[in-house]
Amino acid sequence: ASEAICRLQSPGGAGWWPQHLANTAWSMAVLAYSSSEPLLDAIAASAIARCAEFQARELSSTAWSFASLQVFHDPLFEAISSAALLRMADFEPQAIANTLWSLAALEINDVQLISALSAAARRSLDAESS
């Protein structure tokens, strides 16, 4: 883990693509492995630096992972929110649900993001019923 932390802490998390970051966070959450705070901090720092490159699924997965571990990292969630608002048209139902759940689980009252996710969910539901 310490070698991975060193690579993550290099400029921009060299060699770590958004999917790698999201998958590593997800794996830690599935294993309920929250005792590696340095690794979570390194994932968060690298994700913040590269959030503009994340796809909707990677944004929602990262949010879900940190929320599942009950780790509130304010700068990370601010970066996820900003990037998600720019990609809202790409959010599929699973990404919408995971992101909303993450906000609820950590009691994050990001009104702008919640409104955008709610509108995306309504559009998706309307399209499905048409």
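Details of the structure are given in the entry above.
Described in the following lines is the structure provided in the data block.

Conventions used here
Residues numbered from 1 in each chain as written. Predicted model: local features only at pLDDT ≥ 70, side-chain atom pairs only at ≥ 80, totals over all residues. Heavy atoms only, no water. Helix = DSSP H or I, 4+ residues; strand = E, 2+ residues; numbered from the N terminus. Contact = heavy atoms within 4.5 Å. Areas by Shrake-Rupley, 256 points an atom, 1.4 Å probe, with all protein chains shown as cover. Phe/Tyr/Trp six-rings, centres within 6.5 Å; stacked < 30°, edge-to-face > 60°. Buried < 20%, exposed > 50% of the residue type's maximum accessible area, 1.4 Å probe, protein only. Salt bridge = Lys/Arg side-chain N within 4 Å of Asp/Glu carboxyl O. Axes fitted to C-alpha atoms, helices over the stretch in contact; angles between N-to-C directions. Parallel < 35°, antiparallel > 145°, perpendicular 65-115°, else oblique. Left-handed = near helix turned anticlockwise from the far one by under 90°. Nonpolar A, V, L, I, M, F, W, Y, C, P; charged D, E, K, R; others polar. Expected span 1.5 Å × (residues − 1). Polar contact = N/O pair within 3.5 Å; in protein donor to acceptor, adjacent residues only side chain to side chain.

**Concerning the overall build of the protein chain**
Looking only at helices and strands, the protein chain has seven helices and zero strands in total. When its helices and strands are written in sequence order, the protein chain yields α-α-α-α-α-α-α. Residue pairs at least 24 apart in sequence account for 72% of intrachain contacts in the protein chain once pairs closer than 6 positions are excluded. Element-wise, carbon and sulfur atoms account for 55% of the exposed surface of the protein chain, whose accessible area totals about 7100 Å².

**Section: the packing of aromatic side chains**
Taken as a whole and judged by the stated rule, the model has two aromatic pairs. On the numbers, 6.4 Å between centres and 40° between planes, the contact of W64 with W101 is tilted. Of this pair, W64 sits in helix 4 (residues 56-68) while W101 is found in helix 6 (residues 93-105), placing the two residues 37 residues apart along the sequence. Taking the relative accessible area as the measure of exposure, W64 reaches 24% and is therefore partly exposed. Owing to a relative accessible area of 40%, W101 belongs among the partly exposed residues under this scheme. Ring centres 6.0 Å apart and planes at 20° place the aromatic pair F72 and F77 in the stacked group. Take F72: its relative accessible area is 45%, and that puts it in the partly exposed class.

**Re the pattern of salt bridges**
One pass over the structure, following the stated rule, counts one salt bridge. Between E53 and R50 there is a salt bridge whose closest N-O contact spans 2.7 Å. Given a relative accessible area of 39%, E53 falls into the partly exposed group.

**Thoughts on the packing of helix 6 against helix 7 (residues 111-129)**
Between helix 6 and helix 7, the shortest axis-to-axis distance is 10 Å and the interhelical angle comes to 150°. With respect to helix 7, the element helix 6 is oriented roughly antiparallel. Judged by the twist between their axes, the crossing of helix 6 over helix 7 is left-handed. Mapping the contact onto sequence places P93, I96, T99, L100 and L103 in helix 6 and L113, I114, L117, A120, A121 and S124 in helix 7. Split by residue class, the contact of helix 6 with helix 7 holds nine nonpolar, two polar and no charged.

**Observations concerning unusual backbone geometry**
Backbone geometry at A32 places phi at a positive 55°, although glycine is not the residue there. With respect to the helices and strands, A32 occurs in the loop between helix 2 (18-30) and helix 3 (37-50).

**Quick look at helix 7**
For helix 7, with 19 residues, the first-to-last C-alpha span of 27 Å sits near the 27 Å given by 1.5 Å per residue. Buried-residue contacts for helix 7 involve helix 5 (74-86) and helix 6.

**Regarding the side chain of T62**
Among the structural elements, T62 can be located in helix 4. Judged by relative accessible area, T62 falls into the buried class, the value being 1%. Separated by 2.8 Å, the side chain of T62 and the backbone oxygen of E58 make a polar contact. Look past the residues within four positions of T62 in its chain and what remains in contact with it is A22, F54, L76 and I80.

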